[in-house]
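Observations on the model geometry
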Amino acid sequence: MASPSSAPGAVRPLPLPEITRTECRRCGALIKGLNHRYACTSCGWVNPSGEGSRPLPVVDPWPVDERPRTR
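Residues numbered from 1 in each chain as written. Predicted model: local features only at pLDDT ≥ 70, side-chain atom pairs only at ≥ 80, totals over all residues. Heavy atoms only, no water.

Looking now at the pattern of salt bridges. Inspection of the entire model under this criterion finds 1 salt bridge. With a shortest N-O distance of 2.7 Å, Arg-25 and Glu-51 are connected by a salt bridge. Here Arg-25, found in the loop between β1 (19–23) and β2 (30–34), pairs with Glu-51, found in the segment after β2; they are 26 residues apart in sequence, far enough to count as distant. (Salt bridge = Lys/Arg side-chain N within 4 Å of Asp/Glu carboxyl O. Helix = DSSP H or I, 4+ residues; strand = E, 2+ residues; numbered from the N terminus.)

Our focus in this paragraph is the nonpolar core. Counting 5 residues, the largest nonpolar core is built from Cys-24, Ile-31, Tyr-38, Cys-40 and Trp-45. Setting aside anything within four residues of it in sequence, one finds Cys-40 in contact with Cys-24, Cys-27, Ala-29, Ile-31 and Trp-45. (Core = buried A, V, L, I, M, F, W, Y, C linked by side-chain atoms within 4.5 Å. Buried < 20%, exposed > 50% of the residue type's maximum accessible area, 1.4 Å probe, protein only. Contact = heavy atoms within 4.5 Å.)

If you want it as structure tokens, here you go:
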């Protein structure tokens, strides 16, 4: 019998995000982010999302129980 995590169609949980920190490239403030994605609250600088250490998760915009009904 297959375990629940290896069953066909089973959804694997996403890995936990890593809290990372660096200096702001614009003002030098110490900033923290998730998976190397940062936004500075002092000056508004934001690094490009492609610089992150992991791909962003893909989320279905219409969960099964909220999909519009068709006639």
